[in-house]
Amino acid sequence: MRSLTINSVRDINDLIDLEDIRTRRHKLLLVLGLGGIAFEAFYLAVLSAGTSPMTEQLGLSANEVGLVSSYGYIATLIAALTCGFLADRLGRVKLMVLAKIVAVVALIIMATAPNFWILVLGRCLAGAAYGIDLGVAMAYLAEFLPKLRRHLLNFWQAQWYISSSFALLVVLGLYNLDLGLDIWRWALGAAAVFAVIVTVGQMLFMPESPRWLAEKNDLARLKKSLEQVYEIEPIFPASGILAVDADRPDTAKWSDLFNSTYRRRTILANGVTAMQALQYYAVAYYLPVIALTLFGKGFGEAIFGSLVFNLFGIVGGVASIWVARKLGAHGAAMYGFLAVAAMILILGVFFDSLPTALMFLVPALFIFFHSAGPGVSGLTMAAMAYPSDLRGRGGQIATVSQSLGGIVGLYAFPNMVEAYGLATTITIFAIVPLIGVGVCKAIMWEPFDEGEAVALEAEAKIGKPLEGQSA
(Lines give C-alpha, C1' and ligand atoms only; values in the text may rest on other atoms or scores of the structure.)
Protein backbone atom coordinates (compact mmCIF):
# COMPACT_ATOMS: atom_id res chain seq x y z
CA MET A 1 0.00 0.00 0.00
CA ARG A 2 1.37 3.39 -1.01
CA SER A 3 1.56 6.36 1.32
CA LEU A 4 0.52 9.85 0.24
CA THR A 5 0.71 13.20 1.99
CA ILE A 6 -2.67 14.94 2.01
CA ASN A 7 -2.67 18.55 3.19
CA SER A 8 -5.77 20.00 1.56
CA VAL A 9 -9.12 19.30 -0.05
CA ARG A 10 -7.48 20.06 -3.38
CA ASP A 11 -4.98 17.26 -2.81
CA ILE A 12 -7.91 14.83 -2.56
CA ASN A 13 -9.49 16.21 -5.71
CA ASP A 14 -6.18 16.01 -7.59
CA LEU A 15 -5.68 12.42 -6.42
CA ILE A 16 -9.08 11.30 -7.67
CA ASP A 17 -8.68 13.24 -10.91
CA LEU A 18 -5.38 11.52 -11.68
CA GLU A 19 -5.73 8.04 -10.17
CA ASP A 20 -7.09 5.53 -12.70
CA ILE A 21 -9.74 2.89 -11.97
CA ARG A 22 -7.54 -0.06 -11.00
CA THR A 23 -8.75 -1.68 -7.76
CA ARG A 24 -11.61 -4.14 -7.40
CA ARG A 25 -13.37 -1.94 -4.84
CA HIS A 26 -13.23 1.04 -7.19
CA LYS A 27 -14.82 -0.98 -9.98
CA LEU A 28 -17.40 -2.49 -7.62
CA LEU A 29 -18.56 0.83 -6.21
CA LEU A 30 -19.08 2.17 -9.73
CA VAL A 31 -21.15 -0.91 -10.59
CA LEU A 32 -23.22 -0.49 -7.42
CA GLY A 33 -23.70 3.22 -8.11
CA LEU A 34 -25.02 2.33 -11.54
CA GLY A 35 -27.05 -0.42 -9.85
CA GLY A 36 -29.21 2.21 -8.20
CA ILE A 37 -29.95 3.81 -11.56
CA ALA A 38 -30.54 0.33 -13.00
CA PHE A 39 -33.14 -0.36 -10.33
CA GLU A 40 -35.02 2.87 -11.08
CA ALA A 41 -35.17 1.93 -14.76
CA PHE A 42 -36.24 -1.63 -13.95
CA TYR A 43 -39.03 -0.46 -11.66
CA LEU A 44 -40.42 2.11 -14.12
CA ALA A 45 -40.31 -0.42 -16.97
CA VAL A 46 -42.25 -3.12 -15.08
CA LEU A 47 -44.74 -0.51 -13.88
CA SER A 48 -45.30 0.70 -17.43
CA ALA A 49 -45.58 -2.84 -18.81
CA GLY A 50 -48.03 -3.82 -16.07
CA THR A 51 -50.32 -0.82 -16.41
CA SER A 52 -52.86 -2.60 -18.62
CA PRO A 53 -53.47 -5.68 -16.39
CA MET A 54 -53.29 -3.46 -13.28
CA THR A 55 -55.98 -1.19 -14.72
CA GLU A 56 -58.23 -4.12 -15.56
CA GLN A 57 -57.79 -5.93 -12.23
CA LEU A 58 -58.36 -2.88 -10.01
CA GLY A 59 -61.07 -1.45 -12.28
CA LEU A 60 -59.26 1.87 -12.70
CA SER A 61 -60.66 4.60 -14.88
CA ALA A 62 -58.45 6.45 -17.38
CA ASN A 63 -58.43 9.41 -15.02
CA GLU A 64 -57.29 7.24 -12.11
CA VAL A 65 -54.45 5.76 -14.18
CA GLY A 66 -53.31 9.29 -14.99
CA LEU A 67 -53.56 10.30 -11.35
CA VAL A 68 -51.34 7.41 -10.26
CA SER A 69 -48.56 8.71 -12.54
CA SER A 70 -49.20 12.34 -11.59
CA TYR A 71 -49.02 11.70 -7.85
CA GLY A 72 -45.81 9.76 -8.37
CA TYR A 73 -44.19 12.66 -10.25
CA ILE A 74 -45.34 15.14 -7.61
CA ALA A 75 -43.73 12.99 -4.92
CA THR A 76 -40.54 12.90 -7.00
CA LEU A 77 -40.50 16.71 -7.19
CA ILE A 78 -41.09 17.17 -3.47
CA ALA A 79 -38.43 14.62 -2.53
CA ALA A 80 -35.86 16.07 -4.91
CA LEU A 81 -36.44 19.60 -3.62
CA THR A 82 -36.43 18.71 0.07
CA CYS A 83 -33.70 16.05 0.11
CA GLY A 84 -31.05 17.62 -2.11
CA PHE A 85 -29.31 19.38 0.75
CA LEU A 86 -29.30 16.14 2.78
CA ALA A 87 -26.94 14.54 0.26
CA ASP A 88 -24.53 17.43 0.84
CA ARG A 89 -25.05 17.37 4.61
CA LEU A 90 -25.24 13.63 5.40
CA GLY A 91 -23.34 12.08 2.48
CA ARG A 92 -24.21 10.22 -0.71
CA VAL A 93 -24.34 6.61 0.47
CA LYS A 94 -26.83 7.16 3.32
CA LEU A 95 -29.27 8.86 0.96
CA MET A 96 -28.95 6.18 -1.72
CA VAL A 97 -29.52 3.38 0.79
CA LEU A 98 -32.48 5.27 2.29
CA ALA A 99 -33.98 5.66 -1.18
CA LYS A 100 -33.76 1.90 -1.81
CA ILE A 101 -35.35 1.05 1.55
CA VAL A 102 -38.22 3.43 0.79
CA ALA A 103 -38.51 1.86 -2.67
CA VAL A 104 -38.75 -1.68 -1.24
CA VAL A 105 -41.57 -0.60 1.08
CA ALA A 106 -43.27 1.19 -1.81
CA LEU A 107 -43.09 -1.82 -4.11
CA ILE A 108 -44.49 -4.17 -1.48
CA ILE A 109 -47.40 -1.77 -0.93
CA MET A 110 -48.05 -1.47 -4.67
CA ALA A 111 -47.74 -5.20 -5.34
CA THR A 112 -50.32 -6.00 -2.66
CA ALA A 113 -52.58 -2.98 -3.26
CA PRO A 114 -56.28 -3.92 -3.13
CA ASN A 115 -57.55 -0.58 -4.42
CA PHE A 116 -56.70 2.73 -6.03
CA TRP A 117 -55.71 4.69 -2.92
CA ILE A 118 -53.29 2.06 -1.58
CA LEU A 119 -51.77 1.96 -5.07
CA VAL A 120 -51.37 5.75 -4.96
CA LEU A 121 -49.70 5.53 -1.55
CA GLY A 122 -47.13 3.05 -2.89
CA ARG A 123 -46.62 5.08 -6.07
CA CYS A 124 -45.95 8.24 -4.05
CA LEU A 125 -43.36 6.46 -1.91
CA ALA A 126 -41.73 5.04 -5.03
CA GLY A 127 -41.72 8.49 -6.63
CA ALA A 128 -40.08 9.93 -3.52
CA ALA A 129 -37.41 7.22 -3.65
CA TYR A 130 -36.71 8.11 -7.29
CA GLY A 131 -36.48 11.81 -6.42
CA ILE A 132 -33.97 11.08 -3.67
CA ASP A 133 -31.86 8.58 -5.59
CA LEU A 134 -31.20 9.66 -9.16
CA GLY A 135 -29.38 12.95 -8.63
CA VAL A 136 -27.43 11.59 -5.66
CA ALA A 137 -26.31 8.50 -7.58
CA MET A 138 -25.06 10.68 -10.44
CA ALA A 139 -23.16 12.88 -7.97
CA TYR A 140 -21.59 9.81 -6.33
CA LEU A 141 -20.45 8.34 -9.65
CA ALA A 142 -19.02 11.68 -10.81
CA GLU A 143 -16.99 12.01 -7.61
CA PHE A 144 -15.22 8.67 -8.12
CA LEU A 145 -14.38 9.00 -11.82
CA PRO A 146 -10.86 10.21 -12.70
CA LYS A 147 -10.54 13.07 -15.12
CA LEU A 148 -9.60 10.92 -18.11
CA ARG A 149 -12.53 8.53 -17.47
CA ARG A 150 -15.34 11.01 -16.89
CA HIS A 151 -16.91 10.21 -20.23
CA LEU A 152 -17.88 6.87 -18.64
CA LEU A 153 -20.47 8.79 -16.61
CA ASN A 154 -22.56 8.77 -19.79
CA PHE A 155 -22.90 5.00 -19.48
CA TRP A 156 -25.81 5.60 -17.10
CA GLN A 157 -28.02 6.13 -20.17
CA ALA A 158 -27.10 2.77 -21.69
CA GLN A 159 -27.57 1.19 -18.27
CA TRP A 160 -31.06 2.67 -18.12
CA TYR A 161 -32.09 1.03 -21.39
CA ILE A 162 -30.32 -2.24 -20.53
CA SER A 163 -32.21 -2.44 -17.24
CA SER A 164 -35.48 -1.51 -18.92
CA SER A 165 -34.92 -4.30 -21.44
CA PHE A 166 -34.09 -6.77 -18.67
CA ALA A 167 -37.30 -5.75 -16.89
CA LEU A 168 -39.32 -6.35 -20.05
CA LEU A 169 -37.73 -9.79 -20.42
CA VAL A 170 -38.75 -10.56 -16.84
CA VAL A 171 -42.31 -9.45 -17.60
CA LEU A 172 -42.29 -11.54 -20.78
CA GLY A 173 -41.13 -14.54 -18.74
CA LEU A 174 -43.88 -13.99 -16.19
CA TYR A 175 -46.40 -13.68 -19.02
CA ASN A 176 -45.44 -17.17 -20.19
CA LEU A 177 -46.21 -18.52 -16.70
CA ASP A 178 -49.91 -17.73 -17.23
CA LEU A 179 -50.24 -15.57 -14.12
CA GLY A 180 -53.24 -13.77 -15.53
CA LEU A 181 -54.01 -10.27 -14.31
CA ASP A 182 -51.69 -10.77 -11.32
CA ILE A 183 -48.69 -10.42 -13.62
CA TRP A 184 -48.19 -6.76 -12.64
CA ARG A 185 -48.00 -7.73 -8.95
CA TRP A 186 -45.34 -10.36 -9.60
CA ALA A 187 -43.39 -7.91 -11.76
CA LEU A 188 -43.36 -5.30 -8.98
CA GLY A 189 -42.32 -8.07 -6.59
CA ALA A 190 -39.35 -8.81 -8.85
CA ALA A 191 -38.44 -5.12 -8.73
CA ALA A 192 -38.55 -5.26 -4.91
CA VAL A 193 -36.11 -8.19 -4.93
CA PHE A 194 -33.83 -6.18 -7.24
CA ALA A 195 -33.98 -3.24 -4.81
CA VAL A 196 -33.07 -5.45 -1.84
CA ILE A 197 -30.03 -6.84 -3.66
CA VAL A 198 -28.81 -3.35 -4.59
CA THR A 199 -29.47 -2.05 -1.06
CA VAL A 200 -27.42 -4.80 0.59
CA GLY A 201 -24.60 -4.30 -1.90
CA GLN A 202 -24.52 -0.54 -1.35
CA MET A 203 -24.58 -0.91 2.43
CA LEU A 204 -21.72 -3.43 2.47
CA PHE A 205 -19.41 -2.33 -0.33
CA MET A 206 -19.88 1.39 -1.08
CA PRO A 207 -17.56 3.71 0.84
CA GLU A 208 -18.46 7.37 1.15
CA SER A 209 -17.10 9.82 -1.42
CA PRO A 210 -13.56 11.00 -0.48
CA ARG A 211 -14.31 14.40 -2.00
CA TRP A 212 -17.30 14.83 0.30
CA LEU A 213 -15.43 13.49 3.34
CA ALA A 214 -12.57 15.90 2.65
CA GLU A 215 -15.00 18.81 2.47
CA LYS A 216 -16.38 17.73 5.87
CA ASN A 217 -12.86 17.14 7.24
CA ASP A 218 -13.92 13.67 8.37
CA LEU A 219 -10.39 12.29 8.37
CA ALA A 220 -11.12 8.93 9.98
CA ARG A 221 -13.65 7.92 7.32
CA LEU A 222 -11.58 9.59 4.60
CA LYS A 223 -8.61 7.42 5.55
CA LYS A 224 -10.74 4.28 5.39
CA SER A 225 -12.23 5.27 2.01
CA LEU A 226 -8.82 5.98 0.45
CA GLU A 227 -7.41 2.70 1.75
CA GLN A 228 -10.36 0.68 0.43
CA VAL A 229 -10.72 2.31 -2.98
CA TYR A 230 -7.21 3.45 -3.89
CA GLU A 231 -5.06 1.26 -1.62
CA ILE A 232 -3.39 4.44 -0.38
CA GLU A 233 -2.43 5.21 3.20
CA PRO A 234 -2.92 8.96 3.63
CA ILE A 235 -0.66 11.12 5.82
CA PHE A 236 -2.73 14.02 7.14
CA PRO A 237 -1.53 17.30 8.70
CA ALA A 238 -0.61 17.16 12.39
CA SER A 239 -3.30 19.76 13.01
CA GLY A 240 -5.97 17.29 11.83
CA ILE A 241 -7.47 19.94 9.52
CA LEU A 242 -7.31 19.93 5.73
CA ALA A 243 -6.77 23.29 4.03
CA VAL A 244 -9.58 24.57 1.82
CA ASP A 245 -9.64 27.16 -0.95
CA ALA A 246 -9.58 30.63 0.55
CA ASP A 247 -12.37 31.88 -1.71
CA ARG A 248 -14.75 29.03 -0.90
CA PRO A 249 -17.68 29.85 1.45
CA ASP A 250 -17.82 28.01 4.74
CA THR A 251 -21.36 26.76 4.15
CA ALA A 252 -22.89 25.91 0.79
CA LYS A 253 -26.41 27.22 0.14
CA TRP A 254 -29.09 26.54 -2.46
CA SER A 255 -28.58 30.09 -3.77
CA ASP A 256 -24.97 29.20 -4.64
CA LEU A 257 -26.30 27.22 -7.61
CA PHE A 258 -27.22 30.59 -9.14
CA ASN A 259 -24.25 32.72 -8.13
CA SER A 260 -21.91 34.24 -10.72
CA THR A 261 -19.75 31.10 -10.87
CA TYR A 262 -22.43 28.44 -11.36
CA ARG A 263 -25.48 30.29 -12.77
CA ARG A 264 -24.76 29.54 -16.43
CA ARG A 265 -23.97 25.90 -15.69
CA THR A 266 -27.19 25.51 -13.72
CA ILE A 267 -29.29 27.04 -16.50
CA LEU A 268 -27.57 24.94 -19.18
CA ALA A 269 -27.80 21.61 -17.33
CA ASN A 270 -31.42 22.13 -16.33
CA GLY A 271 -32.45 23.53 -19.71
CA VAL A 272 -31.04 20.47 -21.48
CA THR A 273 -32.56 18.10 -18.90
CA ALA A 274 -36.04 19.65 -19.09
CA MET A 275 -36.12 19.81 -22.90
CA GLN A 276 -34.92 16.24 -23.37
CA ALA A 277 -37.58 14.96 -20.96
CA LEU A 278 -40.27 16.99 -22.74
CA GLN A 279 -39.21 16.03 -26.28
CA TYR A 280 -39.26 12.34 -25.42
CA TYR A 281 -43.06 12.36 -25.25
CA ALA A 282 -43.34 13.61 -28.83
CA VAL A 283 -42.48 10.08 -30.01
CA ALA A 284 -42.66 7.91 -26.89
CA TYR A 285 -46.39 8.56 -26.69
CA TYR A 286 -46.67 7.19 -30.23
CA LEU A 287 -44.43 4.13 -29.72
CA PRO A 288 -47.23 1.86 -28.43
CA VAL A 289 -49.22 2.62 -31.59
CA ILE A 290 -46.21 1.73 -33.74
CA ALA A 291 -45.51 -1.42 -31.71
CA LEU A 292 -49.11 -2.60 -32.06
CA THR A 293 -49.02 -1.94 -35.80
CA LEU A 294 -45.73 -3.72 -36.42
CA PHE A 295 -45.71 -6.55 -33.88
CA GLY A 296 -49.34 -7.33 -33.10
CA LYS A 297 -51.93 -6.37 -30.48
CA GLY A 298 -51.32 -9.00 -27.80
CA PHE A 299 -49.63 -8.28 -24.46
CA GLY A 300 -46.59 -10.39 -25.36
CA GLU A 301 -46.24 -8.76 -28.78
CA ALA A 302 -46.39 -5.28 -27.23
CA ILE A 303 -43.61 -6.19 -24.78
CA PHE A 304 -41.50 -7.59 -27.61
CA GLY A 305 -41.99 -4.38 -29.61
CA SER A 306 -40.84 -2.28 -26.67
CA LEU A 307 -37.76 -4.48 -26.36
CA VAL A 308 -36.86 -3.88 -30.01
CA PHE A 309 -37.04 -0.10 -29.58
CA ASN A 310 -35.04 -0.32 -26.36
CA LEU A 311 -32.15 -1.86 -28.30
CA PHE A 312 -31.70 1.47 -30.09
CA GLY A 313 -31.57 3.18 -26.69
CA ILE A 314 -28.84 0.78 -25.56
CA VAL A 315 -26.78 1.39 -28.71
CA GLY A 316 -27.27 5.14 -28.38
CA GLY A 317 -26.36 5.08 -24.70
CA VAL A 318 -23.12 3.21 -25.38
CA ALA A 319 -22.38 5.50 -28.34
CA SER A 320 -22.86 8.53 -26.06
CA ILE A 321 -19.49 7.76 -24.40
CA TRP A 322 -17.73 7.99 -27.77
CA VAL A 323 -19.80 11.03 -28.81
CA ALA A 324 -18.90 12.84 -25.59
CA ARG A 325 -15.21 12.17 -26.23
CA LYS A 326 -15.50 13.66 -29.72
CA LEU A 327 -18.01 16.47 -29.21
CA GLY A 328 -18.18 16.95 -25.44
CA ALA A 329 -21.40 16.86 -23.43
CA HIS A 330 -22.39 20.27 -24.80
CA GLY A 331 -21.84 19.30 -28.44
CA ALA A 332 -23.58 15.96 -27.93
CA ALA A 333 -26.63 17.75 -26.52
CA MET A 334 -26.78 20.43 -29.23
CA TYR A 335 -26.29 18.17 -32.26
CA GLY A 336 -28.45 15.49 -30.68
CA PHE A 337 -31.27 18.01 -30.32
CA LEU A 338 -30.92 18.90 -34.01
CA ALA A 339 -31.08 15.24 -35.07
CA VAL A 340 -34.09 14.63 -32.82
CA ALA A 341 -35.87 17.69 -34.27
CA ALA A 342 -35.33 16.28 -37.77
CA MET A 343 -36.81 12.90 -36.78
CA ILE A 344 -39.84 14.55 -35.15
CA LEU A 345 -40.47 16.72 -38.22
CA ILE A 346 -40.22 13.74 -40.59
CA LEU A 347 -42.61 11.73 -38.43
CA GLY A 348 -45.07 14.61 -38.06
CA VAL A 349 -45.08 16.01 -41.61
CA PHE A 350 -45.17 12.60 -43.33
CA PHE A 351 -47.22 10.88 -40.64
CA ASP A 352 -49.92 9.54 -42.97
CA SER A 353 -47.61 8.53 -45.82
CA LEU A 354 -44.65 6.83 -44.14
CA PRO A 355 -44.05 3.28 -45.40
CA THR A 356 -43.85 0.55 -42.77
CA ALA A 357 -40.06 0.46 -42.77
CA LEU A 358 -39.78 4.19 -42.06
CA MET A 359 -42.60 4.02 -39.54
CA PHE A 360 -40.24 1.81 -37.54
CA LEU A 361 -36.90 3.39 -38.48
CA VAL A 362 -37.70 7.06 -37.78
CA PRO A 363 -38.79 6.58 -34.14
CA ALA A 364 -35.95 4.10 -33.64
CA LEU A 365 -33.46 6.73 -34.83
CA PHE A 366 -35.18 9.27 -32.60
CA ILE A 367 -34.45 7.04 -29.60
CA PHE A 368 -30.85 6.53 -30.77
CA PHE A 369 -30.14 10.27 -31.21
CA HIS A 370 -31.96 11.08 -27.98
CA SER A 371 -29.99 8.59 -25.88
CA ALA A 372 -26.65 9.40 -27.54
CA GLY A 373 -27.06 13.16 -27.05
CA PRO A 374 -29.45 15.25 -24.95
CA GLY A 375 -31.01 12.30 -23.14
CA VAL A 376 -27.74 11.68 -21.32
CA SER A 377 -26.05 15.10 -21.35
CA GLY A 378 -28.28 17.06 -18.97
CA LEU A 379 -27.83 14.91 -15.88
CA THR A 380 -24.16 14.36 -16.74
CA MET A 381 -23.64 18.14 -16.87
CA ALA A 382 -25.41 18.59 -13.55
CA ALA A 383 -23.26 15.92 -11.91
CA MET A 384 -20.06 17.66 -13.04
CA ALA A 385 -21.01 21.32 -12.69
CA TYR A 386 -20.36 21.86 -8.99
CA PRO A 387 -17.92 21.19 -6.15
CA SER A 388 -18.70 18.34 -3.78
CA ASP A 389 -20.61 20.40 -1.22
CA LEU A 390 -23.06 21.58 -3.92
CA ARG A 391 -23.14 18.54 -6.18
CA GLY A 392 -26.00 16.78 -4.40
CA ARG A 393 -28.25 19.81 -4.62
CA GLY A 394 -27.28 20.43 -8.24
CA GLY A 395 -28.16 16.85 -9.15
CA GLN A 396 -31.49 17.07 -7.34
CA ILE A 397 -32.46 20.27 -9.14
CA ALA A 398 -31.75 18.49 -12.44
CA THR A 399 -34.01 15.65 -11.28
CA VAL A 400 -36.73 18.24 -10.65
CA SER A 401 -36.25 19.67 -14.15
CA GLN A 402 -36.51 16.20 -15.67
CA SER A 403 -39.68 15.47 -13.73
CA LEU A 404 -41.23 18.81 -14.72
CA GLY A 405 -40.47 18.07 -18.37
CA GLY A 406 -42.12 14.67 -17.98
CA ILE A 407 -45.19 16.12 -16.26
CA VAL A 408 -45.69 18.77 -18.94
CA GLY A 409 -45.19 16.19 -21.69
CA LEU A 410 -47.60 13.68 -20.15
CA TYR A 411 -50.24 16.38 -19.73
CA ALA A 412 -49.73 18.45 -22.88
CA PHE A 413 -49.27 15.76 -25.52
CA PRO A 414 -52.56 13.81 -25.13
CA ASN A 415 -54.53 17.04 -24.78
CA MET A 416 -52.92 18.49 -27.89
CA VAL A 417 -53.60 15.25 -29.77
CA GLU A 418 -57.26 15.56 -28.88
CA ALA A 419 -57.35 19.19 -30.06
CA TYR A 420 -55.10 19.11 -33.15
CA GLY A 421 -54.60 15.47 -34.10
CA LEU A 422 -51.54 13.26 -33.70
CA ALA A 423 -49.61 14.35 -36.81
CA THR A 424 -49.95 18.07 -36.09
CA THR A 425 -49.07 17.60 -32.43
CA ILE A 426 -45.90 15.67 -33.26
CA THR A 427 -44.90 18.42 -35.72
CA ILE A 428 -45.50 21.15 -33.13
CA PHE A 429 -43.34 19.27 -30.62
CA ALA A 430 -40.34 19.74 -32.94
CA ILE A 431 -39.99 23.18 -31.35
CA VAL A 432 -38.92 21.52 -28.08
CA PRO A 433 -35.52 20.19 -29.26
CA LEU A 434 -35.00 23.45 -31.16
CA ILE A 435 -35.39 25.32 -27.85
CA GLY A 436 -32.78 22.91 -26.50
CA VAL A 437 -30.46 23.92 -29.36
CA GLY A 438 -31.06 27.57 -28.46
CA VAL A 439 -30.11 26.95 -24.83
CA CYS A 440 -26.90 25.21 -25.92
CA LYS A 441 -26.04 28.03 -28.34
CA ALA A 442 -26.59 30.65 -25.64
CA ILE A 443 -24.42 28.91 -23.01
CA MET A 444 -21.18 27.33 -24.20
CA TRP A 445 -19.89 25.62 -21.03
CA GLU A 446 -18.26 22.21 -21.54
CA PRO A 447 -17.79 20.02 -18.44
CA PHE A 448 -15.47 17.47 -20.05
CA ASP A 449 -13.03 20.15 -21.19
CA GLU A 450 -13.00 21.92 -17.87
CA GLY A 451 -13.03 18.78 -15.74
CA GLU A 452 -13.90 19.54 -12.13
CA ALA A 453 -16.27 22.48 -11.72
CA VAL A 454 -13.95 24.20 -9.25
CA ALA A 455 -11.18 24.37 -11.90
CA LEU A 456 -8.67 22.13 -10.16
CA GLU A 457 -6.00 22.58 -12.83
CA ALA A 458 -4.87 19.01 -12.26
CA GLU A 459 -3.90 18.77 -15.92
CA ALA A 460 -0.43 20.05 -15.07
CA LYS A 461 0.18 16.94 -12.97
CA ILE A 462 -0.94 14.33 -15.47
CA GLY A 463 1.92 11.95 -16.14
CA LYS A 464 3.88 13.13 -13.09
CA PRO A 465 4.24 11.34 -9.74
CA LEU A 466 1.82 12.48 -7.07
CA GLU A 467 3.63 14.43 -4.36
CA GLY A 468 4.33 12.36 -1.29
CA GLN A 469 4.03 8.94 -2.93
CA SER A 470 6.33 6.15 -1.94
CA ALA A 471 6.45 2.49 -2.77
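Procedures and definitions
Residues numbered from 1 in each chain as written. Predicted model: local features only at pLDDT ≥ 70, side-chain atom pairs only at ≥ 80, totals over all residues. Heavy atoms only, no water. Helix = DSSP H or I, 4+ residues; strand = E, 2+ residues; numbered from the N terminus. Rg over C-alpha atoms; globule rule 2.2 N^0.38 Å. Buried < 20%, exposed > 50% of the residue type's maximum accessible area, 1.4 Å probe, protein only. Contact = heavy atoms within 4.5 Å. Areas by Shrake-Rupley, 256 points an atom, 1.4 Å probe, with all protein chains shown as cover. Lys, Arg positive; Asp, Glu negative; His and termini not counted. Charge placed at Lys NZ, Arg CZ, Asp CG, Glu CD. Salt bridge = Lys/Arg side-chain N within 4 Å of Asp/Glu carboxyl O. Phe/Tyr/Trp six-rings, centres within 6.5 Å; stacked < 30°, edge-to-face > 60°. Core = buried A, V, L, I, M, F, W, Y, C linked by side-chain atoms within 4.5 Å. Expected span 1.5 Å × (residues − 1). Patch = residues over 30% accessible without salt bridge, like charges linked within 9 Å, V, L, I, M, F, W, Y side chains within 5 Å. Axes fitted to C-alpha atoms, helices over the stretch in contact; angles between N-to-C directions. Parallel < 35°, antiparallel > 145°, perpendicular 65-115°, else oblique. pLDDT = per-residue confidence, 0-100. Pairing = 2+ DSSP bridges. Polar contact = N/O pair within 3.5 Å; in protein donor to acceptor, adjacent residues only side chain to side chain. Left-handed = near helix turned anticlockwise from the far one by under 90°.

A. Representation of the overall build of the protein chain within the structure. What the protein chain contains, in helices and strands, is 19 helices and two strands. In terms of overall dimensions, the protein chain is globule-like: its C-alpha atoms have a radius of gyration of 23 Å, near the 23 Å expected for 471 residues. Seen along its three principal axes, the alpha-carbon backbone of the protein chain occupies a region of about 70 × 45 × 35 Å. Across the 471 residues of the protein chain, 58% fall into the buried class. For the protein chain, contacts bridging at least 24 residues in sequence account for 85% of all contacts bridging at least 6. Accessible surface, the protein chain: about 18900 Å² in total, of which carbon and sulfur atoms supply 66%. Each charge class in the protein chain can be summarised by its mean position, and for the 33 positive and 34 negative side chains these summaries are 3 Å apart.

B. Expanded view of the pattern of salt bridges. Throughout the structure, instances matching the rule amount to 14 salt bridges. Between Arg150 and Asp17 there is a salt bridge, with the nearest N and O atoms lying 2.2 Å from each other. Within this pair, whereas Arg150 is found in the loop between α6 (116-144) and α7 (155-175), its partner Asp17 is found in helix α1 (residues 9-18), the two being separated by 133 residues in sequence. Comparing Arg150 with Asp17 shows no difference in burial state: the two are buried.

C. View of the packing of aromatic side chains. Counted by the stated rule, this structure contains 13 aromatic pairs. Arranged with centres 5.7 Å apart and planes meeting at 50°, the rings of Phe42 and Phe166 form a pair that is tilted. Within this pair, whereas Phe42 is found in helix α2 (residues 24-49), its partner Phe166 is found in helix α7, the two being separated by 124 residues in sequence. In this structure Phe166 comes out as partly exposed when scored by relative accessible area, which is 46%. Aromatic ring contacts, followed pair by pair, group Phe39, Phe42, Tyr43, Phe166 and Phe194 into a single cluster.

D. Molecular detail of the nonpolar core. Formed by 104 residues in total, the largest nonpolar core has its most connected members in Ile37, Leu153, Trp156, Leu222 and Leu242. Here Leu242 is in contact with Ile6, Asn7, Ser8, Val9, Ala214, Asn217, Leu219, Leu222, Phe236 and Pro237, once residues within four sequence places are set aside. Core analysis: the next-biggest nonpolar cluster, separate from the first, contains 40 residues, Ala49, Phe116, Leu168 and Ala195 among them.

E. Just helix α16 (residues 388-420), in detail. Compared with the 48 Å implied by 1.5 Å per residue over 33 residues, the 47 Å span of α16 between its first and last C-alpha is a close match. In the segment just after α16, Gly421 is the residue with positive phi, at about 95°.

F. Layout of unusual backbone geometry. In this structure, Asn217 is a non-glycine residue whose phi angle is positive, near 55°. Position of Asn217 relative to the elements: it lies in the loop between α9 (210-215) and α10 (219-230). Of note in the backbone geometry, Glu231 takes a positive phi value of approximately 55° without being a glycine.

G. Expanded view of a nonpolar patch on the surface. Side chains of Leu28, Val31, Val196, Val200, Met203, Leu204 and Phe205 sit close together on the surface and give an oily, nonpolar patch of about 620 Å² of accessible area. Those elements that place two or more of their residues in the nonpolar patch are α2 and α8 (183-205). The biggest single contributor to the nonpolar patch is α8, with five residues. The exposure class of Phe205 is partly exposed, given its relative accessible area of 36%.

H. Quick look at the packing of helix α13 (residues 299-349) against helix α14 (residues 356-372). For the pair α13 and α14, interaxial distance at closest approach is 4 Å and the crossing angle is 150°. Comparing the axis directions of α13 and α14 gives the class roughly antiparallel.

I. Broad picture of the confidence of the model for the protein chain. Counting all residues, the mean pLDDT for the protein chain is 87, and 92% of those residues have values of 70 or more. Mean pLDDT across the secondary structure elements of the protein chain bottoms out at helix α12 (residues 287-295), with 69, and peaks at helix α18 (residues 431-442), with 96. Note on residues 451-471: pLDDT under 50 across the span, and 48 contacts to partners over four residues away in sequence or across chains.

J. Structural view of the side chain of Ser371. Its place among the elements puts Ser371 in helix α14. Once residues lying within four places of it in the same chain are set aside, the contact partners of Ser371 are Gln157, Tyr161, Phe312, Gly313, Gly316, Gly317, Ser320 and Val376.

K. Examining the environment of Lys100 more closely. Following the sequence through the fold, Lys100 ends up in helix α5 (residues 92-111). Owing to a relative accessible area of 0%, Lys100 belongs among the buried residues under this scheme. Spatially, the C-alpha atom of Lys100 lies 9.4 Å from that of Glu40, the residues being 60 residues apart in sequence. Residues in contact with Lys100, not counting those within four places in the same chain, are Gly36, Phe39, Asp133, Ala195, Val198, Thr199 and Gln202.

L. Broad picture of the pairing of strand β2 (residues 232-235). Across the two faces of β2 the burial differs, with Ile232 and Pro234 buried and Glu233 and Ile235 not buried at all. Bridge analysis of strand β1 (residues 2-5) against β2 gives four bridges, and the strand direction is parallel. Among the inter-strand pairings, Thr5 is bridged to a residue of β2, identified as Ile235.

M. Representation of the environment of Met54 in the model. Examined against the element boundaries, Met54 turns out to sit in helix α3 (residues 51-58). Among the residues examined, Met54 registers a relative accessible area of 4% and is labelled buried. Put simply, Met54 and Met275 are 221 residues apart on the chain and 30 Å apart in space, counted from C-alpha to C-alpha. Every residue in contact with Met54, bar those within four places of it in the chain, is listed here: Leu60, Leu119 and Trp184.

N. Region of the structure containing the environment of Phe295. Note that Phe295 resides in helix α12. Sequence-wise, Phe295 and Gly305 are 10 residues apart; in three dimensions their C-alpha atoms are separated by 6.1 Å.

O. Highlighting α6. Its 29 residues give α6 an end-to-end C-alpha distance of 42 Å, which sits within 8% of 42 Å, the value for a rise of 1.5 Å per residue. The buried fraction of α6 amounts to 24 of the 29 residues, a majority that puts the element mostly inside the structure. The opening residue of α6, the one whose side-chain oxygen lies 3.2 Å from the backbone nitrogen of Trp117, is Asn115.

P. Structural context of the packing of α5 against α8. Viewed as axis vectors pointing N to C, α5 and α8 meet at an angle of 160°, and their least axial separation amounts to 9 Å. With respect to their mutual orientation, α5 and α8 come out roughly antiparallel. As α5 packs across α8, the resulting crossing turns out to be left-handed. Of the residues in α8, those touching α5 at Val93, Met96, Val97, Lys100, Ile101, Val104, Leu107, Met110 and Ala111 are Trp184, Arg185, Leu188, Gly189, Ala191, Ala192, Ala195, Val196, Val198, Thr199, Gln202 and Met203.

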